[in-house]
Amino acid sequence: MREDSFHLIKYTSSGLYCEVADLWIDPKKPVKQAIITHAHMDHFTFGCEEYISTLETAIILKERIGKDINIRTYEYEKEFKVNGIKISFHPSGHILGSSQIKINMADEIWLITSDFKRQKDDTCKKYEIVKTDFLISESTFGLPIFNWDEPQNTALEIKKWIHTSHETTYFLFCYSLGKAQRLLNEISKLNFTNNIFTHSSIDKMNKCYKNFGVEIIETKKFENNKNIGDLKGSLILLPPALNRNSFLKRYKDFQTGFASGWMSIRALRKRSGYDKGFPISDHADWSGILKTIEESKAKNVFFHHGDSEVLIKYLKEKKSINVLEFEYKK
């Protein structure tokens, strides 16, 4: 292994950068070549000359932002080269099409998890364990207080919630891509007979998922000019940006809920302004992050995204793992 191996991936003002391959991972600014780990918009930027992703991510991106982007796709585990550097995608279990990025140069392997989770999710491929020398892991929920319940229990709580009253309309706010489809998939496993409506942004993603064979319960497209009486007792999935008085003011009898990992914190749940919080996340919890680090066999770990202070202290003191900081390249 090269002595200067830690220089293979650096941090720049545009994000993670592999200088040897001249390639950015989920860049924040337009660059020449960008690998995109998944189709959430905080991992994508407009204006890159070329994008590289899985087929699923490419199709979702084109559905969300338009078809006029130059994007090359590869199947999971199929190795390809950029400037002679071997690269491959491996499932991260976050959402449909999401990937870890494995970069192999000589006898040295780097793995970038990007967003990932270890819980069962029937809407995307299961997280793949990949052994590596250097691991760049996310740490969005990197505190011991985060331990996810089974998603089916969350679906049962939602079902129980909307049975509170047949006269009430129930607005459940969740991310349009990934979270909504996972909830609908879990709900499809229940004997759920109430009407379900989804915002157009969610409806569009549902169709993408269905085209890849993912089971999504039947829903109707939500239109805000619909007769209020027709929505009583219904579950309506909307993106969080629409949780505002101006959007909901014409409804007299309604409740709001929010589906997010952050809802596992009681104080945040109370301050959120939602009537109900449903803790469910597409990120790894505390034990999921530790399990991933252990199974990767990495001797050197970096953290990217999220607060990692407690994780770093734990790994250094309890696991004797070398936690590094990125070298910054201007």
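Structure report, in brief. As the structure is a computational prediction, the values presented were derived from the model and not from experiment. (Residues numbered from 1 in each chain as written. Predicted model: local features only at pLDDT ≥ 70, side-chain atom pairs only at ≥ 80, totals over all residues. Heavy atoms only, no water.)

1. A look at the packing of helix H1 (residues 55–65) against helix H4 (residues 200–211)
1) Next: Direction vectors running N to C along H1 and H4 enclose 155°, while the axes themselves pass 10 Å from each other. Comparing the axis directions of H1 and H4 gives the class roughly antiparallel. For the crossing formed where H1 meets H4, the hand is right-handed. Across from Ile59, Ile60, Glu63 and Arg64 in H1, the residues of H4 making contact are Lys204, Met205, Cys208 and Tyr209. (Axes fitted to C-alpha atoms, helices over the stretch in contact; angles between N-to-C directions. Helix = DSSP H or I, 4+ residues; strand = E, 2+ residues; numbered from the N terminus. Parallel < 35°, antiparallel > 145°, perpendicular 65-115°, else oblique. Left-handed = near helix turned anticlockwise from the far one by under 90°. Contact = heavy atoms within 4.5 Å.)

2. Looking at the sheet that holds strand E6 (residues 71–73)
1) Next: Taken together, six strands build an open sheet; the order of strands is E1-E2-E3-E4-E5-E6 and the sheet is mixed. One side of each edge strand has no neighbouring strand; the edge strands of this open sheet are strand E1 (9–12) and E6. Each strand of the sheet is rotated relative to its neighbour by a mean of 30°, with strand direction disregarded.
2) Next: Here strand E3 (residues 23–25) pairs with strand E4 (residues 33–35) via two bridges, running parallel. Pairing of Ile25 across the sheet is with Ile35, part of E4.
3) Next: Along the sheet, H1 contacts strand E5 (50–53) and E6; its crossing angle with E6, the most-contacted strand, is approximately 150°. (Pairing = 2+ DSSP bridges.)

3. Details of unusual backbone geometry
Both trends apply: most residues other than glycine have a negative phi, and most peptide bonds are in trans.
1) Next: Positive phi outside glycine occurs at Asp22, with the angle close to 50°.
2) Next: Within the element layout of this structure, Asp22 appears in the loop between strand E2 (15–18) and E3.
3) Next: With a relative accessible area of 25%, Asp22 lands in the partly exposed category.
4) Next: Look at Lys297: it is not a glycine, yet its phi comes out positive at around 65°.
5) Next: Secondary-structure assignment places Lys297 in the loop between helix H7 (286–296) and strand E18 (300–303). (Buried < 20%, exposed > 50% of the residue type's maximum accessible area, 1.4 Å probe, protein only.)

4. Here's the deal with the sheet that holds strand E15 (residues 235–238)
By way of backbone hydrogen bonds, the strands of a sheet pair with one another, either parallel or antiparallel.
1) Next: Spatially, six strands are ordered E14-E13-E15-E12-E16-E17 in an open sheet, and the strand pairing comes out parallel. In this open sheet, the two strands that pair with only one neighbour each are strand E14 (220–221) and strand E17 (276–278).

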